[in-house]
Each structure stands twice: as structure tokens, then as C-alpha cells.
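Here are the chains, one letter per residue:
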Amino acid sequence: MGNAELITAFVTLFVVVDPIGLVPLFLALTQGMDARMRRAVGLRALAIATVLLTLFGLFGDALLRGIGISMPAFRIAGGVLLFLTALDMLFERRTQRREGQSAEPHAPDPSVFPLATPLLAGPGAMATMILLAGSGTGTVHLLAVHGVMLAVLACVFVLFLLATPLERALGRTGTMVVTRLLGMLLAALAVQFILDGLIGAGLFTAP
């Protein structure tokens, strides 16, 4: 894989994962956590996303074909899960659950869902890994693709580290406003996932 192909692969995966757009979502999903807890959640999410994207880069196409799951169906499923998360953000059910569980030693966190999947390792990122891995042959090519993936996730982690200063700047009221706004944006993103899946399945025609 040449330099131009590496740059193209990085830009493609960077745009699909959208590290910059994930920062406010990470801020909203980890509302009320201190910097240490937030960093731990971010690291867990990135570790899980790394494993998932690596597996899909190596075995994704064969796995989906082997169990009879199409990529459009995968996109629709991711959209539905994302939409449920958006509803929680819009109606503050996530905040209420977090406040009620704050005294529990093992309260659930968003590192696995929705951060690791479908936000970091979502249908788009998994499909991109499958496509990038399939664009060439050989071990060197696969290593280059996964190196690009690690570089993109490193960018995500750096931006996650900036989430706490952003929360201090916004304050509680500002964070609530951002959470509601992002709930709407997340709902729209979820619907777009579903529409993309329907178009890919031939059940819907793009306007």
C-alpha cells in the first residue's frame, strides 16, 4: 500500500468514525463522571472498538456471508440501537438511571454500548474495514489497514481527553442543552443508518 493509498484509507476511516463529532456525544454520554472515570470509559470503549474493527478487517466479509447477514441488515440494526440511545438522551432517562445508580459499585457505563458500538465500531466503520482489507492482498496490506485504523482511534482518544475541560466550560445547564440537541442529532443519524440499510437492500430509493 503506497503513501497515497494510506492517506486515502486514513481519510476514509476518519470521516466514517468522525472523531471530532464523537467528542460532544462522549461528553453527553459520560455526563456526571469525573476525569478519571471518563478516561477509563474512553479507554474501554476504544479497546473494544479496536478488537471489533480488527476482527471485521480480518474476517468480517466471510463472517457475514457465512451466517447469512447482509451489510444493509447490519446498518438497520445499528440504526435501531442508536435511536433507542437518542430517546434516552432526549427524555433524560439516561441521567435519571445514572443518578439512581450512582451509589452502586458496578453501575453500567456507556463504554460497550453505545460508545464502542455502534458509535466507534458501527456498521459504517465495520463495512469500511471490510472494504479496505479487501482492496489489496497480502500480510503487509492487512497490517497497513489496521495501522490506519489504530491511528484514527488514537485521534479519538486524544479528543476524548479534552471532554472534561469542555464540560467545565459548558456548565450543568449548557451540558443539558447540548445533551438534548445531540439526542436530536443522534436520532437523525440513527434514521440515516436505517435509510442507508433500506436503500442497500433495495427496499427504498434515495430521493
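*Asks:* What exactly am I supposed to notice about the packing of aromatic side chains here?
*Replies:* Where two aromatic rings form a pair, the distance of their centres and the angle of their planes describe that pair. Under the definition given, this model contains 3 aromatic pairs. Ring geometry for Phe56 versus Phe74: centroids 5.7 Å apart, planes at 40°, classification tilted. Taken together, the positions of Phe56 in helix H3 (residues 35-67) and Phe74 in helix H4 (residues 71-90) put the pair 18 residues apart, joining distant regions of the chain.

*Asks:* I tried to follow the packing of helix H1 (residues 3-17) against helix H8 (residues 139-161) on my own but got confused; where do I start?
*Replies:* Helix-helix packing: each pair is described by the crossing angle between the helix axes and the interaxial distance. For the pair H1 and H8, interaxial distance at closest approach is 9 Å and the crossing angle is 45°. By the criterion of interaxial angle, the relationship of H1 to H8 is oblique. In this structure, H1 crosses over H8, and the sense of that crossing is right-handed. In this structure, H1 uses Leu6, Ala9, Phe10, Leu13, Phe14 and Val17 to contact H8, whose residues at the interface are Ala144, Val148, Met149, Ala151, Val152, Cys155 and Val156. Class assignment for the residues of the contact of H1 with H8 results in 13 nonpolar, no polar and no charged.

*Asks:* Teacher, can you tell me more about helix H9 (residues 163-200) here?
*Replies:* In an α-helix there are 3.6 residues to a turn, and that puts residues three or four apart on one side. Counted at 1.5 Å a residue, the expected span for H9 with its 38 residues is 56 Å, but the 35 Å between its end C-alpha atoms falls short. Largest kink in H9: about 105°, centred on Gly171. Where H9 terminates, the next one or two residues include Gly202, which has phi positive at roughly 80°.

Rules used throughout
- Residues numbered from 1 in each chain as written.
- Predicted model: local features only at pLDDT ≥ 70, side-chain atom pairs only at ≥ 80, totals over all residues.
- Heavy atoms only, no water.
- Phe/Tyr/Trp six-rings, centres within 6.5 Å; stacked < 30°, edge-to-face > 60°.
- Helix = DSSP H or I, 4+ residues; strand = E, 2+ residues; numbered from the N terminus.
- Axes fitted to C-alpha atoms, helices over the stretch in contact; angles between N-to-C directions.
- Parallel < 35°, antiparallel > 145°, perpendicular 65-115°, else oblique.
- Left-handed = near helix turned anticlockwise from the far one by under 90°.
- Contact = heavy atoms within 4.5 Å.
- Nonpolar A, V, L, I, M, F, W, Y, C, P; charged D, E, K, R; others polar.
- Expected span 1.5 Å × (residues − 1).
- Bend = angle between axes of the 7 residues up to and from the residue.

Don't take any of this as a statement about function, it's just geometry.
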